[in-house]
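Spelled out from the first residue to the last, the chains are:
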Number of protein chains: 2
Amino acid sequence: MRISELAEATGTSVTTLKFYLRRNLLSPGTSVNRTQSDYGPEHVERVALIRALTEVGGLDLAAVGRVLTVLDTRDPDRMSVLMTAQHALLGSDGAADRSLGPGRRGDDRTREWIRARGWTVDPDDPAIDRLAAAWRACDDSGVPLADERMSAYADATEQIARVDVESLPGEPTATARQVILGTVLVAPVLSALRFLAQQNESRSR
Amino acid sequence: MRISELAEATGTSVTTLKFYLRRNLLSPGTSVNRTQSDYGPEHVERVALIRALTEVGGLDLAAVGRVLTVLDTRDPDRMSVLMTAQHALLGSDGAADRSLGPGRRGDDRTREWIRARGWTVDPDDPAIDRLAAAWRACDDSGVPLADERMSAYADATEQIARVDVESLPGEPTATARQVILGTVLVAPVLSALRFLAQQNESRSR
């Protein structure tokens, strides 16, 4: 199909599609002549994916690029896919990491908390810094997260993670896509559920 | 203190502080003379709050403005504060809402699911649309969320919401701040916990 047909099929403007092409988020179509290219169903699928990642997942285009790079790499190692997906996602907003001063990477309290929790994680995982920064910001803003509250949140997120991991299909090639999309696209589902559950809980009191 | 001292006390540049002042995120200091103003501890606290909301909470400045407006309004009604906070947060990224076509506000499946779950929520709550859009995006991207998976996520988010609501202090004036900050700043804590728990769960299999 022509680019105008791809635009129609995906509900996306030609201008936006050309922007995706320039950013290498979308692979070029097959050249038909000097000014026209032919696009296929794989382009339709890719455009839908880019829009889901940006509009629902809230990723910026740099993060979308990182995610697509992981998706386009065949990698049978589920753990490295998971880590790469998390890095891509955390890298989509480096602000919290930049706000950490030197030597504050994953502060002692956070590392000790993870150890006490019994979680086995990569000591260089950027999520440790993110947790440390977010926890500190809560304290600094007068919303201290006491141990009991952190434990309750950890219990709940363990349940979520168990469902996340159980939902992964067995085939390695499908896994990268599932891990990344499950992480990116399920996040707004969880956040909306939290809002609705908060409201229900408030009303029931 | 002078603006240069406020900059030093908060680790924020004078340029950024002047930008906050222009955006009315920060109230003007007391005029000392034609070119100087005096700032107090309430300005230090406000700047810390703005930075927490942007750097940790990931809000854009328009959303920060909405959140601060709620915080600056004395409102003893916890439910309306909760709703206003959620609206401010959901409004920070209207992309998912804009991507919904007309007549697709909170689709039937989502409303039926909420009803079956037994949650009492405002039928116009924007989180319903957000949930519908995110759920549909998962389906469209090949990560279908079957009933069993949605129920497991809902069980976990109910636990989180219970802790959220239990953690609110009794005094109405403190509540608005706690509700908003608890919602905005705890979200990145939960997201980091989910990543770490995913990793731990993957490793333990």
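Here the structure is a predicted model, which is why all the values come from computation and not from measurement.

Each copy of the sequence occupies a distinct position, and chain B is placed on chain A by a rotation of 180° and an axial shift of 0.0 Å, giving an RMSD of 0.0 Å. The transformation just described matches what one would write down for a two-fold rotation axis. Minimal C-alpha distance to the rotation axis in chain B is attained by Ala156 of chain B, lying at 2.4 Å. Mapped onto chain A, 100% of the interface residues of chain B again fall at the interface, so both copies present the same surface.

Turning to the packing of aromatic side chains, a few remarks are in order. As enumerated under the stated definition, the model contains four aromatic pairs over all chains in all. When the ring of Trp113 of chain B is compared with that of Trp119 of chain B, the centres are 5.6 Å apart and the planes differ by 90°; the resulting orientation is edge-to-face. Seen in terms of ring centroids, Trp113 of chain B and Trp135 of chain B are 6.3 Å apart; in terms of plane orientation they differ by 80°. Their pairing is edge-to-face. Here Trp135 of chain B lies in helix 8 (residues 126-140) and Trp113 of chain B lies in helix 7 (residues 108-117), a separation of 22 residues in the sequence. Summarising the burial analysis for this pair, Trp113 of chain B and Trp135 of chain B share the class buried. Put simply, the rings of Trp113, Trp119 and Trp135 of chain A pair up and form one aromatic cluster. Over the face of the ring belonging to Trp135 of chain A we find Arg109 of chain A, whose NZ or CZ atom lies 3.9 Å from the ring centre.

Below, the discussion takes up the pattern of salt bridges. Inspection of every chain in the model, using the stated rule, returns 18 salt bridges over all chains. The salt bridge partner of Arg115 of chain A is Glu112 of chain A, with a shortest N-O separation of 3.0 Å. Here Arg115 of chain A pairs with Glu112 of chain A, and both are found in helix 7 (residues 108-117), just three residues apart, close to one helical turn. What emerges from the salt-bridge pattern is a single network uniting Arg117, Asp155, Glu158 and Arg162 of chain A together with Glu201 of chain B.

Residue and element names in this part refer to chain B. An ideal rise of 1.5 Å per residue puts 22 Å on 16 residues; helix 3 (residues 41-56) measures up with 22 Å between its terminal C-alpha atoms. Within the sequence span of helix 3, burial applies to His43, Arg46, Val47, Leu49, Ile50, Ala52, Leu53, Thr54 and Val56. Following helix 3 by one or two positions, Gly58 adopts a phi angle in the positive range, close to 75°.

Right, let's get into the environment of Tyr153 of chain A. Here Tyr153 of chain A lies in helix 9 (residues 147-166). Among residues more than four places away in sequence, those in contact with Tyr153 of chain A are Leu145 of chain A together with Ile160, Val163, Asp164, Val186, Leu190 and Leu193 of chain B.

All names here are of chain A. The contact between helix 3 (residues 41-56) and helix 4 (residues 61-72) brings their axes to 10 Å, and the two run at 130°. Relative to helix 4, the element helix 3 lies oblique. Read as a crossing pair, helix 3 and helix 4 show a hand that is right-handed. The residues of helix 4 that touch helix 3, namely those facing Arg46, Leu49, Ile50, Leu53 and Thr54, are Leu61, Val64, Val67, Leu68, Leu71 and Asp72. When the residues that make up the contact of helix 3 with helix 4 are grouped by side-chain class, the tally is eight nonpolar, one polar and two charged.

One finds Leu53, Trp113 and Trp119 of chain A together with Leu53, Trp113 and Trp119 of chain B to be the most contacted residues of the largest nonpolar core, which totals 123 residues. Not counting residues up to four positions away in its chain, the partners in contact with Leu53 of chain A are Gly58, Leu59, Val64, Val67, Leu68, Leu181, Val184 and Leu185 of chain A.

A few words on the confidence of the model for chain A. All names here are of chain A. Of the residues in chain A, 84% have a pLDDT of 70 or more, and the chain-wide mean is 82. Mean pLDDT across the elements of chain A ranges from a minimum in helix 6 (residues 95-98), with 40, to a maximum in helix 2 (residues 14-22), with 95. The low-confidence segment residues 92-104, where pLDDT is below 50, has 20 contacts with residues more than four positions distant or belonging to other chains. Across the predicted assembly, pTM comes out at 0.77 and ipTM at 0.78.

We now examine the interface of chain B and chain A. The figure often quoted for interface size is the accessible area lost as the parts come together. At the interface, 77 residues of chain B touch 77 residues of chain A. A buried area of about 7,000 Å², summed over both sides, lies between chain B and chain A, and 70% of it is on carbon and sulfur atoms. Taken as a group, Arg194, Phe195 and Leu196 of chain B account for 10% of the area that chain B buries against chain A, more than any other trio of residues on that side. Seen at the junction of chain B and chain A, the total is four salt bridges. The interface formed by chain B and chain A contains 14 residue pairs in polar contact (both at pLDDT 80 or more). Counting residues per element, the ones that place at least two in the side of chain B that touches chain A are helix 3, helix 5 (78-90), helix 6 (95-98), helix 7, helix 8, helix 9 (147-166) and helix 10 (172-203) of chain B. Taken together, the residues that form the side of chain B that touches chain A break down as 44 nonpolar, 17 polar and 16 charged.

Each value, and the rule that gives it
- Throughout this document, residue positions are counted from 1 along each chain, in the order its sequence is written.
- Just so you know, chain letters begin at A and ligand numbers begin at 1, following the order they were written in.
- Totals for whole chains, interfaces and linings use every residue, but because this is a predicted model, local features are given only for residues with pLDDT of at least 70 and side-chain atom pairs only at 80 or more, for both listing and counting.
- Values reported for side chains reflect all heavy atoms of the structure, with hydrogen atoms and water molecules removed beforehand.
- C-alpha atoms of residues with pLDDT of at least 70 in both copies form the basis for the least-squares superposition of the copies.
- Residues are treated as being in contact if the distance between any of their heavy atoms lies within 4.5 Å.
- Aromatic pairs are defined between Phe, Tyr and Trp rings, using the six-membered ring for Trp, whenever the two ring centres lie within 6.5 Å; interplanar angles under 30 degrees are classed as stacked, those over 60 as edge-to-face, and all others as tilted.
- Helix and strand assignments come from DSSP, with helices taken as H or I runs of at least 4 residues and strands as E runs of at least 2, each series counted from the N terminus.
- For every residue, the accessible area (1.4 Å probe, protein chains only) is compared with the maximum for its type, and the residue is labelled buried under 20%, exposed over 50%, or partly exposed between those bounds.
- Distance and angle both matter: a charge sits over a ring if NZ of Lys or CZ of Arg is within 6 Å of the ring centre and within 35 degrees of the ring normal.
- Any Lys or Arg side-chain nitrogen located within 4 Å of an Asp or Glu carboxyl oxygen qualifies as a salt bridge.
- To estimate how far a helix should extend, the number of its residues minus one is multiplied by 1.5 Å.
- Axis lines are fitted through C-alpha atoms, for helices just across the contact stretch, and the angle between N-to-C directions can take any value from 0 to 180 degrees.
- Orientation is classified from the angle alone, with under 35 degrees giving roughly parallel, over 145 giving roughly antiparallel, 65 to 115 giving roughly perpendicular, and any other angle giving oblique.
- Handedness of each helix crossing follows the sense of rotation of the near helix against the far helix: counterclockwise by less than a right angle gives left-handed, clockwise gives right-handed.
- Residues were grouped as follows: Ala, Val, Leu, Ile, Met, Phe, Trp, Tyr, Cys and Pro as nonpolar; Asp, Glu, Lys and Arg as charged; and all remaining residues, including Gly, as polar.
- Take the buried residues of types Ala, Val, Leu, Ile, Met, Phe, Trp, Tyr and Cys, join any two whose side-chain atoms come within 4.5 Å, and each joined set is a nonpolar core.
- Note on scores: pLDDT gives the predictor's confidence for each residue, bounded by 0 and 100.
- In this description, buried area is defined as the sum, over both parts, of the accessible area (probe of 1.4 Å) that is lost when the two are combined.
- Within 3.5 Å is the distance limit for a polar contact, defined as a pair of N or O atoms, with the added protein rule that one can donate a hydrogen and the other accept it, and that residues adjacent in sequence qualify only through two side-chain atoms.

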